Amino acid sequence: MELKGKPNRIPFNEQGFFDIIIGGGIMGTVLIIGTGAAGSVTAQKCCMLPKTFSKVILANRTISKAEKLKKTIAQSISNYPPLEAAQVDADNPRLVSQLIRKFQPEMVINMALPYQDLSIMEACIETGVNYVDTANYESPEDPNFSYRRQWEMHDRFKIKGKMALLGSGFDPGVTNIYIAHAKKNYFDEIDEVDIVDANGGDHGQHFATNFNPEINIREVTADGRYYEDGIWKSIPALSVHKPFDFPAVGVKEMYLMYHEELESLTRNLPEIKTLRFWMTFSEKYLTYLRVLENIGMTKIEPVEFEGNKIVPLKFLKALLPEPSSLGISTKGKVCIGCLIKGKKDDKEKTLFVYCVKDHEDCYREVGSQAIAYTTGVPAMIGAKLVMENTWFEKGVYNVEQLDPTPFMNDLNKYGLPWTEKFI
Ligand code: NDP
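Everything numeric here is computed off the predicted structure, so don't read it as measured data.

K.L.:
Outline the nonpolar core, supporting the account with residue identities and numerical values.
P.N.:
Counting 111 residues, the largest nonpolar core has I32, I33, M107, V108 and V386 as its most contacted members. Residues from two domains meet in this core; each of domain 1 (8-170 + 371-422) and domain 2 (174-363) gives at least three. Residues in contact with I33, not counting those within four places in the same chain, are A59, V88, A90, V108, N110, M111, A112 and I120.

What follows is the structure, encoded as structure tokens:
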């Protein structure tokens, strides 16, 4: 039985209890916009669950990528749901609305770039469908990414009776869920969190980024910002670093930087007084990045070139390997986790929750490296929980505002098993 968008009474569990379906449904059509590295993982994972995602539409600016993915899915996944490939320029909300009207999805998963968040959300409000993404809004002209303009859409989603689920990747996403899980199960109060992210993999290229090069370089070259003792502090980009011994990856130098989950977590869990985000980079990556920065190749202001205006970073992106092409050559492991300090019954405790994923295992399963995998799987899980009504709430929400337990269970089930230990 396919239920969509209107109140229905249906048997909800084996004990015969009933629940009211008001927003999503138990199953429905999903429109995935963006079929790059992470989007292709989300699409494959959705197609493995045809009882939830009863039809999958793959939309991309370059339609050949969506068509190629459609072919891959048809060849590799048995019992996949009906699939369509479509072209869309998601910078234009009118074109996104047209696409939504054509295919009537229950929800849109935005796996394109942060630049498209607002235009896709506008289209979702206009047409009355749910929305899921993995990265907060960023304007092409201003690298200061923020949730502010997405949060401002809360009442408009609520009035439409629809949900926007923000930041359902790994970091942000799973890291926020780890903290919500720790709060729910182990702490009366959380005081301090360090989010630590190590990529111990090697892709064999001189220089490449493991997710969209333009977004990655903007993020890494921005000034660092962190929250300490209830105060925001700024530092020059990559100027604070220290070694950390990551499970399965080993000791790596990690760098303090600003990351978007700091904005939502300080708002949604204000008891946390110190919150920092750390990421590892190899010396080789940093040397290349320094050279590119020094010669102006990472600038986002347009320059005049032979009568045309070009943005150096966009030009650089066109030269660099696409993250979706790195899966075949990447070896090694990633480890991402949260070190959470707080109190239970007035006793101090520190919990480390983390996930280790092997690049080659991910490639064997879905033809992608682990960064795309660790982003694409949580996007599917967030969408699944909204589709099933487990997480459905009217309005705009970050993942840490929902019950972490079903998400933590699904991480174990769909490829991102986690480990936790008190240290
Ligand atoms: P890719 O560059 O591999 O893929 C992006 C895709 O979006 C491409 O297929 C591109 O199509 C498409 N796209 C870009 N602009 C438009 C547009 N205007 N209309 C339609 N499609 C468009 O990037 P990734 O897969 O690495 O990253 C995808 C998203 O995931 C990004 O927002 C990134 O910030 C986020 N991310 C989140 C993480 C997390 O843990 N939360 C971690 C890593 C990434 P085309 O080829 O035609 O340009």
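K.L.:
Mind laying out the site of the ligand, listing which residues take part and the relevant values?
P.N.:
Looking at the ligand, there are 36 residues lining it, with G36, R61, T62, G169 and F211 nearest. Of all elements in the fold, only α1 (37-47) and α13 (370-387) reach the threshold of two or more residues within the shell around the ligand. Taken together, the residues of the shell around the ligand break down into 17 nonpolar, 13 polar and six charged. When we break the shell around the ligand down by domain, the ones giving at least three residues each are domain 1 (8-170 + 371-422) and domain 2 (174-363).

K.L.:
Give me the lowdown on the domain arrangement of the protein, citing residues and values where you can.
P.N.:
What the domain assignment lists for the protein is domain 1 (8-170 + 371-422) and domain 2 (174-363). Relative placement of domain 1 and domain 2: their C-alpha centres are 23 Å apart. Domain 1 puts 34 residues into the contact, and the matching count from domain 2 is 36 residues. Elements with a minimum of two residues in the side of domain 1 that touches domain 2: α1, α13, α14 (404-413) and β20 (419-422). Broken down by element, the side of domain 1 that touches domain 2 gets its largest block of residues, six residues, from α13. Class assignment of the residues belonging to the side of domain 1 that touches domain 2 gives a composition of 21 nonpolar, ten polar and three charged.

K.L.:
Quick one: what's the story with helix α12 (residues 359-366), residue by residue and with numbers?
P.N.:
Regarding α12, the residues found buried are H359, C362, Y363 and V366. Buried positions in α12, seen along its axis, are confined to an arc of 100° and lie on one side of it. On its buried face, α12 is in contact with α1, β17 (333-344), β18 (347-358) and α13. With its phi angle positive at about 75°, G367 sits one or two positions after the end of α12.

Criteria and thresholds
Residues numbered from 1 in each chain as written. Predicted model: local features only at pLDDT ≥ 70, side-chain atom pairs only at ≥ 80, totals over all residues. Core = buried A, V, L, I, M, F, W, Y, C linked by C-beta atoms within 7 Å. Buried ≥ 20, exposed ≤ 12 C-beta atoms within 10 Å, placed from the backbone. Domains from an automatic or database assignment. Contact = placed C-beta atoms within 7 Å. Near = placed C-beta within 6 Å. Helix = DSSP H or I, 4+ residues; strand = E, 2+ residues; numbered from the N terminus. Nonpolar A, V, L, I, M, F, W, Y, C, P; charged D, E, K, R; others polar. Arc of directions from axis to C-beta.

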